[in-house]
Amino acid sequence: MATDYDAPRKNEDEQSEESIEELKARRHDKNSGKVDEDEAEAAESFELPGADLSHEELAVEVKPKQDDEFTCMSCFLVHHRSQLADEKKMICKDCA
């Protein structure tokens, strides 16, 4: 929720009165009784039109590790030598 820092501030009594009024207004709101649903579960039930990609192939060119790269022994990602934090342990700066 956005906060307007230029608006006049209210004391605690005014805030509690306002919140009670808001709760009373929400009681009559039709949507207030709805339970929030998990977005992941909701997304699984949706079927997008034309989303069958079973016949598609992913074309990615995989290059071998270059001479100026190393594999981090902590995260197992290939990094440039400039990211090497510990040459003895072969750990990148992100994992150090």
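Cut-offs applied
Residues numbered from 1 in each chain as written. Predicted model: local features only at pLDDT ≥ 70, side-chain atom pairs only at ≥ 80, totals over all residues. Heavy atoms only, no water. Helix = DSSP H or I, 4+ residues; strand = E, 2+ residues; numbered from the N terminus. Buried < 20%, exposed > 50% of the residue type's maximum accessible area, 1.4 Å probe, protein only. Contact = heavy atoms within 4.5 Å. Areas by Shrake-Rupley, 256 points an atom, 1.4 Å probe, with all protein chains shown as cover. Core = buried A, V, L, I, M, F, W, Y, C linked by side-chain atoms within 4.5 Å. Patch = residues over 30% accessible without salt bridge, like charges linked within 9 Å, V, L, I, M, F, W, Y side chains within 5 Å. Salt bridge = Lys/Arg side-chain N within 4 Å of Asp/Glu carboxyl O. Lys, Arg positive; Asp, Glu negative; His and termini not counted. Charge placed at Lys NZ, Arg CZ, Asp CG, Glu CD.

Looking up the protein in an unreviewed UniProt entry gives the name DUF4193 domain-containing protein, with the organism given as Nocardioides humi.

Trainee: What am I meant to see in the overall build of the protein here?
Mentor: Of the regular secondary structure elements, the protein holds 2 helices and 4 strands. For the protein, the sequential pattern of α-helices and β-strands runs α-α-β-β-β-β. Per-residue burial for the protein yields a buried fraction of 7% across its 96 residues. Summarising the internal contacts of the protein: among those between residues at least 6 apart in sequence, 0% fall at separations of at least 24. When the accessible surface of the protein is totalled, it reaches about 9,700 Å², and 49% of it is carbon and sulfur.

Trainee: Whenever I open this one, the nonpolar core confuses me. Can you help?
Mentor: Among the nonpolar cores identified, the biggest contains 5 residues, and these are Phe70, Cys72, Leu84, Ile91 and Cys92. Here cysteine 72 is in contact with Leu77, His79, Met90, Ile91, Cys92 and Cys95, once residues within four sequence places are set aside.

Trainee: What's the story with the side chain of histidine 79 in this structure? I'm lost.
Mentor: Relative to the helices and strands, histidine 79 is located in strand β2 (residues 78-80). Not counting residues within four places of it along the chain, the set of residues in contact with histidine 79 comprises Asp68, Glu69, Phe70, Cys72, Cys92 and Asp94.

Trainee: Sorry if this is basic, but what is going on with unusual backbone geometry here?
Mentor: Both trends apply: most residues other than glycine have a negative phi, and most peptide bonds are in trans. For phenylalanine 76, which is not glycine, the phi dihedral falls at a positive 60°. You can see phenylalanine 76 is positioned in the loop between β1 (69-71) and β2. Positioned with a positive phi, methionine 90 is a non-glycine residue whose angle comes to about 55°. Inspection of the secondary structure assignment puts methionine 90 in the loop between β3 (84-86) and β4 (91-92).

Trainee: I'm lost on a negative patch on the surface in this one. Help?
Mentor: A contiguous patch of negative charge on the surface is contributed by Asp38, Glu39, Glu41 and Glu44. Taking relative accessible area as the criterion, aspartate 38 reaches 41% and is therefore assigned partly exposed.

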